[in-house]
Amino acid sequence: MACRIDEISLLAGREKNMKVVAINGSHRRGKNTSKMLRAVLAEVEAKGGTTELLELTDYEIKYCTSCNKCLRAPKCSIQDDTSVVAEKLLDADGIVLGSPVYWHNVTALMKNLMDRLRWMHMTENMLAGKVGAAVTLAGLRNGGQEICLSIMERYLKSQGLIVVDDRKQDAGILTAGAAGTLLADYQDKQVSFRKSVEEDQLAIGACKQIGRNMVDLINRLK
Ligand SMILES: Cc1cc2nc3c(=O)[nH]c(=O)nc-3n(C[C@H](O)[C@H](O)[C@H](O)COP(=O)(O)O)c2cc1C
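Presented here is an overview of the structure given in this document. What you are looking at is a predicted structure, and each value in this text was computed from that prediction instead of being measured. (Residues numbered from 1 in each chain as written. Predicted model: local features only at pLDDT ≥ 70, side-chain atom pairs only at ≥ 80, totals over all residues. Heavy atoms only, no water.)

1. Some thoughts on the site of the ligand
Then, in step 1: Taken together, 16 residues are adjacent to the ligand, and Arg28, Asn32, Thr33, Val101 and Gly143 come closest.
Then, in step 2: Here an oxygen atom of the ligand and a side-chain polar atom of Ser26 are 2.9 Å apart.
Then, in step 3: Contacts to the ligand include Leu140, whose backbone N or O atom sits 2.9 Å from an oxygen atom.
Then, in step 4: Here the ligand has 640 Å² of accessible area as a free molecule, and 75% of this is covered by the chains. (Near = heavy atom within 4 Å. Polar contact = N/O pair within 3.5 Å; in protein donor to acceptor, adjacent residues only side chain to side chain. Areas by Shrake-Rupley, 256 points an atom, 1.4 Å probe, with all protein chains shown as cover.)

2. Some remarks on helix α3 (residues 82-91)
Then, in step 1: Within the span of α3, buried status applies to Thr82, Val85, Ala86 and Leu89. Angular distribution of buried residues about the axis of α3 spans 100°; they occupy a single face of the element. The exposed set on the far side of α3, more than 90 degrees from its buried face, consists of Glu87 and Asp91.
Then, in step 2: The secondary structure elements touched by the buried residues of α3 are β1 (19-24), β2 (50-55), β3 (94-100) and α4 (108-116). (Buried < 20%, exposed > 50% of the residue type's maximum accessible area, 1.4 Å probe, protein only. Helix = DSSP H or I, 4+ residues; strand = E, 2+ residues; numbered from the N terminus. Arc of directions from axis to C-beta. Contact = heavy atoms within 4.5 Å.)

3. Observations regarding the pattern of salt bridges
One side chain can pair with another of opposite charge once the charged atoms of both are near each other.
Then, in step 1: Applying the stated criterion to the full structure yields ten salt bridges.
Then, in step 2: The salt bridge involving Lys222 is made with Asp93; its shortest N-O contact spans 3.2 Å. Pair noted here: Lys222 is in the segment after α6 (201-221) and Asp93 is in the loop between α3 and β3, with a separation of 129 residues, a long-range link.
Then, in step 3: Linked by salt bridges that have partners in common, Lys19, Glu52 and Lys88 make up one network. (Salt bridge = Lys/Arg side-chain N within 4 Å of Asp/Glu carboxyl O.)

4. Re empty space enclosed by the protein
Then, in step 1: Evaluation of the coordinates by the stated rule reveals two cavities of 30 Å³ or more.
Then, in step 2: As a volume, the largest cavity reaches approximately 120 Å³.
Then, in step 3: Considering the residues around the largest cavity, the lining is formed by 15 residues, among which Cys64, Cys67, Asn68, Cys70 and Cys76 are closest to the centre.
Then, in step 4: For the lining of the largest cavity, the residue count by class is six nonpolar, four polar and five charged.
Then, in step 5: There is about 80 Å³ of room inside the second largest cavity.
Then, in step 6: If you go around the second largest cavity, the residues you meet are Leu89, Ile95, Leu97, Met110, Leu113, Met114, Leu117, Leu127, Tyr155, Leu156, Gln159 and Leu161.
Then, in step 7: Secondary structure elements with two or more residues in the lining of the second largest cavity: β3, α4 and α5 (145-158). (1 Å grid on protein atoms, 1.4 Å probe; cavity = no way out; pocket = protein on both sides within 12 Å on 5 of 7 lines; lining within 4 Å. Points joined across faces, edges and corners; volume = space filled by probe spheres on them. Nonpolar A, V, L, I, M, F, W, Y, C, P; charged D, E, K, R; others polar.)

5. Observations concerning the state of the cysteines
In protein structure, a disulfide is the covalent linkage between the sulfur atoms of two cysteines.
Then, in step 1: The final tally for this structure, using the stated rule, is zero disulfides.
Then, in step 2: Free of any disulfide, Cys67 has its nearest cysteine sulfur in Cys76, 6.3 Å distant.
Then, in step 3: Owing to a relative accessible area of 37%, Cys67 belongs among the partly exposed residues under this scheme.
Then, in step 4: Of all cysteine sulfurs, the one in Cys67 lies closest to Cys70, which takes part in no disulfide; the gap is 6.4 Å.
Then, in step 5: Taking the relative accessible area as the measure of exposure, Cys70 reaches 10% and is therefore buried. (Disulfide = S-S within 2.5 Å.)

6. Quick look at the pairing of strand β7 (residues 183-187)
Then, in step 1: With four bridges connecting them, β7 and strand β8 (residues 190-193) associate as antiparallel partners. By the bridge assignment for β8, Tyr186 is matched with Val191.
Then, in step 2: Linking two consecutive strands that pair antiparallel, namely β7 and β8, is a turn of two residues; a positive phi of about 50° is found at Asp188 within it. (Pairing = 2+ DSSP bridges.)

7. A word on the packing of helix α2 (residues 32-46) against α6
Then, in step 1: Close contact between α2 and α6 brings their axes to 7 Å; oriented N to C, the two are set at 40°. Our classification of the angle between α2 and α6 gives oblique. For the pair α2 and α6, the sense of crossing is right-handed. In this structure, α2 uses Met36, Ala39, Val40, Glu43 and Val44 to contact α6, whose residues at the interface are Ala203, Ile204, Cys207, Lys208, Ile210, Gly211, Arg212, Met214 and Val215.
Then, in step 2: Taken together, the residues that form the contact of α2 with α6 break down as ten nonpolar, one polar and three charged. (Axes fitted to C-alpha atoms, helices over the stretch in contact; angles between N-to-C directions. Parallel < 35°, antiparallel > 145°, perpendicular 65-115°, else oblique. Left-handed = near helix turned anticlockwise from the far one by under 90°.)

8. Brief notes about the nonpolar core
Then, in step 1: One finds Ile23, Val85, Leu89, Leu97 and Leu117 to be the most contacted residues of the largest nonpolar core, which totals 30 residues.
Then, in step 2: It is α5 that provides the largest number of residues to this core, a total of five residues.
Then, in step 3: In this structure Leu117 touches Thr82, Ala86, Leu89, Tyr155 and Gln159, once residues within four positions along its chain are discounted.
Then, in step 4: Listed in part, the 28 residues of the second largest apolar core include Ala133, Ile210, Met214 and Ile218. (Core = buried A, V, L, I, M, F, W, Y, C linked by side-chain atoms within 4.5 Å.)

The values are spatial; any link to function lies outside them.
The following block contains the structure:
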């Protein structure tokens, strides 16, 4: 019996034991950024991959001290949970970064991790060839989502990852990146906000498409 294309990729994901790790840089565990990342990971799981969501609030990650030892060898002089996160990233085929917008930028938690993973990039690009993606949201519309996405995507590229977006190959463009907002409406001089980013169907749809695009590219690269 002939297999449908999505059944084939389901089998392919299982067979190759694909793993995608998501990192939540939100200072609020399990909230909106986490929900967007879960939407990405649910699609990966639906296609047979295994996933893990890391909440950065669960990890002790000290500041980079700029000791510059990573300029000579691919290791960090600071002992903390960064090594736990790094092991998970090395083990993954795909990495998704998620950060809410804080002042048109990533959060301090996400930026701190970015700095601390410098040793994975300086003498060799240890994450090179993996598939990466980023998701973000902000309180406002045009609240800095595009800048925040650019920062994370540029970082992933610097680390040698191949970045996918939410473009649906057979249906043109729906949105330009997984960028959510909590702003719902403005009527009678009153601003209203969504209870959850899950009400932002464009953002959740983009997250799902990113999950599918990651699986497809990982399968093609294997
Ligand atoms: C310190 C701080 C800075 C923020 N800066 C912005 C901003 O520049 N633009 C914006 O639209 N929202 C901003 N927000 C709102 C957050 O992006 C928003 O609350 C987001 O949903 C938080 O994600 P979370 O639910 O995962 O915590 C900021 C929030 C905080 C706490």
